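Residue-level listing of the chains:
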Amino acid sequence: MKKRVKIIERDDVVVKFAGDSGDGIQLTGAQFSDTSAFVGNDLATFPDYPAEIRAPQGTVAGVSGFQVHIGHKEVQTPGDLADVLVAMNPAALKANMRWLRPGATIIIDIDNFDSRHYKKADYIEDPLKDGSLEGYNVVEAPITEMTRDVVKQFGLDARVADKTKNQFVAGILFWLFNRDVKIGEAFLKDRFKKKPDLVKANLAVLHAGYNYAETVEAIEATYKVKPAEKGAGLYRNMTGNVAIAWGLVAAAERAKRTLFLGSYPITPASEILQELTKMKSLGVVAFQAEDEIAGICSAIGAAFAGCLAVSSTSGPGLSLKSEGLGLAVITELPLVVVDVQRGGPSTGLPTKTEQSDLMQALYGRHGECQVVVLASSTPANCFEYAFEAARIAIEHMTPVILLSDGYLANGSELWKIPAVKDLPEIKARLVKDDDPDYKPYARDIETLARSWALPGQPGLRHRVGGLEKSDITGVISYDPYNHEKMTILRNDKVAKVANFIPRQEVIGNESGDLLVVGWGGTYGALYTGVQEMIEEGKSISLAQFNYINPLPNNVSEIFRNFKKIIVCELNLGQFASYLRSKLPEFNYLQFNKVQGLPFMISELKEKFNDVLMTPENHGK
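Residues numbered from 1 in each chain as written. Predicted model: local features only at pLDDT ≥ 70, side-chain atom pairs only at ≥ 80, totals over all residues. Heavy atoms only, no water.

Enquirer: Where do I start with empty space enclosed by the protein in this structure?
Expert: Empty space among the atoms becomes visible once a probe the size of a water molecule is rolled across them. This structure, assessed with the given rule, holds three cavities of 30 Å³ or more. Computed from the structure, the largest cavity encloses a volume of approximately 110 Å³. Taken together, 15 residues make up the lining of the largest cavity; nearest its centre are Ala44, Gln76, Thr378, Pro379 and Tyr407. Residue assignment for the lining of the largest cavity shows that the elements contributing at least two residues are β3 (42-48), α16 (406-410) and β16 (412-416). Among the residues forming the lining of the largest cavity, the class breakdown is five nonpolar, nine polar and one charged. If you add up the space inside the second largest cavity, you get close to 60 Å³. Around the second largest cavity, the lining residues are Thr28, Gln31, Phe32, Thr35, Ala170, Leu173, Phe174 and Arg179. Elements with a minimum of two residues in the lining of the second largest cavity: α1 (25-38) and α6 (165-176). Element by element, the count of residues in the lining of the second largest cavity is highest for α1, at four residues. (1 Å grid on protein atoms, 1.4 Å probe; cavity = no way out; pocket = protein on both sides within 12 Å on 5 of 7 lines; lining within 4 Å. Points joined across faces, edges and corners; volume = space filled by probe spheres on them. Helix = DSSP H or I, 4+ residues; strand = E, 2+ residues; numbered from the N terminus. Nonpolar A, V, L, I, M, F, W, Y, C, P; charged D, E, K, R; others polar.)

Enquirer: Help me out: how do you make sense of the layout of surface pockets in this one?
Expert: In this structure, the largest pocket spans a volume of roughly 1500 Å³. Surrounding the largest pocket, 46 residues form its lining, Gln26, Leu27, Ala30, Arg191 and Glu271 being those nearest its centre. For the lining of the largest pocket, the element with the most residues is α1, which contributes six residues. Classifying every residue of the lining of the largest pocket gives 18 nonpolar, 19 polar and nine charged. Roughly 770 Å³ of volume is contained in the second largest pocket. In terms of lining residues, the second largest pocket is bounded by 41 residues, among which Phe46, Asp48, Trp99, Lys352 and Leu597 are the most central. At the level of secondary structure, the elements contributing two or more residues to the lining of the second largest pocket comprise β3, β4 (64-71), α2 (90-96) and α18 (523-535). Considering only residue class, the lining of the second largest pocket consists of 20 nonpolar, 13 polar and eight charged.

So, in structure tokens, the structure goes:
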């Protein structure tokens with residue numbers, strides 16, 4: 001007989017999965033997210049895991065987490081505090097207690113809560129008996145034991161059996177959120193379609209978890225989150241890295257160019273390379289080079305040959321690509337370099353997020369070597385800005401650095417898939433064969449971009465290379481006045497891109513007491529915090545920058561309309577320093593965080609309220 005439980009209808013819910021790296025936490029989180037997208041919930045995710053492939057088991061340092069925020073209302077962040085925590089061991093519980101909402105439901109694998117596991121997690125006393133869980137709804141589920149019992153019939157050993165216990169958790173969540181378990185069945189059949197024995201075992205465990213939740217008395221209520229009110233269209237759950245890969249493919253299609261990616265694997269950018277290797281059928285050429293330098297140099301060669309050329313990397317790799325970027329600048333070839341930022345310096349925190357490569361992207365090259373710098377701000381708009389980076393590179397014949405970060409790369413959100421035919425055409429500056437007027441470094445008067453002649457085109461032979469070239473003709477030149485002229489032309493060409501990008505937008509009123517300034521991946525938290533304060537009647541607005549170099553033409557016009565400006569970023573103040581160099585007539589307050597974690601909405605609002613209550617005028 002089925003038990004009767006209360007159904008709690010919510011506009012949004014935050015769920016956190018946590019356990020050892022081998023517990024299948026990321027898979028369970030992705031499965032729950034895909035199911036949420038399938039039933040029409042808006043969502044945002046935040047995978048958070050250690051760098052080690054096999055981190056120390058049972059320790060707080062080795063905890064792998066996946067947070068997902070689902071909603072009937074609009075969702076912009078993975079949420080501050082969790083309503084439901086799945087903790088597979090004491091370390092997972094300890095690592096996440098401070099991120100729990102009061103009264104939250106905690107589902108624990110009771111089989112891992114013994115004295116040995118307590119000690120590994122640095123607990124002094126049993127957390128189930130020390131009173132620290134008072135006020136929470138704790139479900140002590142024998143997940144490991146019941147999973148092993150279920151899979152015995154399939155002849156799997158304990159090691160393999162333990163890898164399926166994440167599906168016991170998934171089964172509990174399907175019941176807890178009133179979802180059709182057939183969605184989970186379809187996920188597993190697709191995930192393990194080449195391993196039918198694993199499909200059978202995982203399906204059995206999934207149903208065991210569902211049935212356990214349906215009968216256990218400890219779960220007294222379930223959640224129901226209605227579908228989000230989105231417009232008609234085809235949606236999918238999209239991560240930032242995959243969105244970048246798809247955006248580049250779309251740009252190649254609209255530019256009528258072959259997409260070439262020359263890259264070396266590096267966390268957290270590797271998924272871009274992995275995704276594009278699947279697209280050979282679309283004409284994509286993806287080359288895994290022997291190192292970062294070979295990656296960018298192969299891309300420059302592909303640009304010379306007429307491809308939409310791309311190299312993807314992360315901070316340490318961008319350092320190695322700096323000399324190659326200089327070659328792309330002086331040859332004035334179109335190139336997109338994607339930098340998925342991570343915590344640094346050096347190896348640093350390779351699986352954590354940070355915005356600390358901005359100065360390197362702006363200035364990290366020898367010589368006067370300006371490039372265009374863009375930054376995507378949500379997992380979904382990584383598609384849009386990858387497309388935009390390619391458009392600017394090709395139409396303005398210049399390298400473009402696109403900044404993403406670990407939070408965007410691995411995080412995901414609901415994304416409406418656009419029709420490629422509806423995207424704008426990208427107009428490559430190609431020269432016709434045997435053009436008698438062709439000069440390699442003659443320039444378009446509006447953009448200062450040179451034209452693009454490809455190897456083998458009749459009558460268009462010219463030199464390219466790292467040596468300085470004469471204006472117009474492109475022959476090698478050591479003339480000091482020519483060098484200065486070419487340096488100015490290359491810089492002015494980048495500056496003129498400002499005339500071909502959108503004006504900076506302001507969210508909220510266009511004047512007021514406080515303007516919050518952000519860039520890149522901090523958008524979700526800043527937007528949510530500012531919107532909540534606007535609803536509370538505060539005089540606050542947001543300007544989130546995607547175009548970094550050059551800045552949009554109307555930035556001064558915006559800044560002068562606010563009494564105070566605060567720049568929020570996940571570094572020690574790089575964008576604030578950049579703004580001070582470009583627009584020194586304004587004063588900039590700062591709010592910085594360098595913890596490998598995204599901003600929390602609560603800490604942002606606390607800071608903004610403090611600034612608004614401070615009597616001193618820190619503005620213009």
